[in-house]
Amino acid sequence: MRAAVNIAETLHEAQTTATEIPNFGDLTVEDAYEVQHALITLRERAGETVTGVKLGFTSEAKMKQMGVSEVIVGRLTSGMAGRTSENLIHPKVEPEIAYRLGRDVDGSAPIEECVDAVAAAIEVIDSRYRDFRFTYTDVIADNTSAAGYVIGDWQPVTDVGGRAVRLTSGTAHVEGSTSAILGNPANALRALEEVARRRGIPLKAGYVVLAGAATVALPLSGDYVECSIDGLAPVSFGGRTR
Ligand code: 0L1
Ligand code: MG
């Protein structure tokens, strides 16, 4: 394989110039996380800080489609917080549960006990690969298509399993349930802890955790996007300009 740093530079440039690229296709999972680490280092050198982590492939259907059994983990950065427009290639939006870590996850307590708040969230994903076509390892290298996120009002931690979810993007609308996230978003937290430990991804106090999509993603279009999840404050944002 090309050096991880070299692949990371290609992905970084694709992201900063909003230019889609062909996928790589032949990375191992270990190589792919190494590329992701290098990509995050490039963003840090550009002045961003890591603000959290996100999970992908948390639905049974998506895992089956990709032929995998392990969720994927990417990093959120300050440049993604509130980013919903500009310099995006073919953005889509997803309704998500966001958790906030009140303390470091260092093995001294179960991850659920490290969470101090929960909220509804919208994630903007934007694969740097042409037509969103990628392998399991390509998407890990591309930081799991992470591009932006918006968080609703934080609320005290509660069980958010089995909640109805609605996502509107322009004229498109989809409904689902938080049960689509590994049966219950709390299971996504446990899966995150396990993968993060094995892949050397720190989980720090103050981080946002996006637990995974509760429905299919919708193209980011129109002038209004809203996500509502029963029992949580709704979250929305206006349209994008290119
Ligand atoms: O956040 C997500 O669920 C997306 C994970 C990566 C797969 C994709 O880009 O569709
Ligand atoms: Mg997502």
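Structural data are supplied above this passage.
Calculation notes
Residues numbered from 1 in each chain as written. Chains lettered and ligands numbered in written order. Predicted model: local features only at pLDDT ≥ 70, side-chain atom pairs only at ≥ 80, totals over all residues. Heavy atoms only, no water. Near = heavy atom within 4 Å. Polar contact = N/O pair within 3.5 Å; in protein donor to acceptor, adjacent residues only side chain to side chain. Helix = DSSP H or I, 4+ residues; strand = E, 2+ residues; numbered from the N terminus. Nonpolar A, V, L, I, M, F, W, Y, C, P; charged D, E, K, R; others polar. Donors = N, O, S within 2.8 Å, 3.2 Å for Na, K, Ca; no water. Pairing = 2+ DSSP bridges. Axes fitted to C-alpha atoms, helices over the stretch in contact; angles between N-to-C directions. Parallel < 35°, antiparallel > 145°, perpendicular 65-115°, else oblique. Left-handed = near helix turned anticlockwise from the far one by under 90°. Contact = heavy atoms within 4.5 Å. Expected span 1.5 Å × (residues − 1). Buried < 20%, exposed > 50% of the residue type's maximum accessible area, 1.4 Å probe, protein only. Arc of directions from axis to C-beta.

### A few points about the site of ligand 1
Taken together, Lys54, Leu55, Gly56, Phe57, Glu94, Glu123, Ile125, Phe132, Phe134, Val139, Thr144 and Ser145 are the residues near ligand 1. Lys54 has a polar side-chain atom sitting 2.7 Å from an oxygen atom of ligand 1. Of all the secondary-structure elements, those providing two or more residues to the shell around ligand 1 are strand S1 (50–56) and strand S4 (115–125). When residues of the shell around ligand 1 are assigned to their parent elements, the largest contribution, 3 residues, is made by S1. Its residues assigned to classes, the shell around ligand 1 comprises 6 nonpolar, 3 polar and 3 charged.

### Some remarks on the coordination of the magnesium ion (ligand 2)
Here the magnesium ion (ligand 2) is held by the protein donor atoms Glu94 (OE), Glu96 (OE) and Glu123 (OE), which lie 2.0 Å from it. Counting residues between consecutive donors of the magnesium ion (ligand 2) along the chain gives the motif E-x1-E-x26-E.

### Points about the sheet that holds strand S7 (residues 172–177)
Spatial ordering of the open sheet is given by S7-S6-S10-S11, a layout of 4 strands whose pairing is antiparallel. Each having just a single partner strand, S7 and strand S11 (235–238) make up the two edges of the open sheet. Recorded for the sheet is a direction-independent mean angle of 5° between the axes of neighbouring strands.

### Describing the packing of helix H1 (residues 4–17) against helix H2 (residues 29–45)
Angle between the axes and distance between the axes: these two values describe a pair of packed helices. At a minimum axis separation of 8 Å, H1 and H2 run at an interaxial angle of 55°. Here H1 lies oblique to H2, going by the angle between them. The hand of the H1/H2 crossing is right-handed. When H1 is examined against H2, the residues Ala4, Val5, Ile7, Ala8, Glu9, Leu11, His12 and Gln15 are found in contact with a partner set consisting of Glu34, Val35, Ala38, Leu39, Leu42 and Arg43. Residues that form the contact of H1 with H2 fall into these classes: 9 nonpolar, 2 polar and 3 charged.

### Notes on H1
Taking 1.5 Å as the rise per residue, H1 with 14 residues should run 20 Å; its terminal C-alpha atoms sit 20 Å apart, in good agreement. Along H1, the residues classified as buried are Ala4, Ile7, Ala8, Leu11, His12, Ala14 and Gln15. Seen end-on, H1 carries its buried residues on one side only, within an arc spanning 160°. Against H2 and helix H5 (136–141) lie the buried residues of H1. With its phi angle positive at about 50°, Ala18 sits one or two positions after the end of H1.

Distances and angles like these do not, on their own, reveal function.
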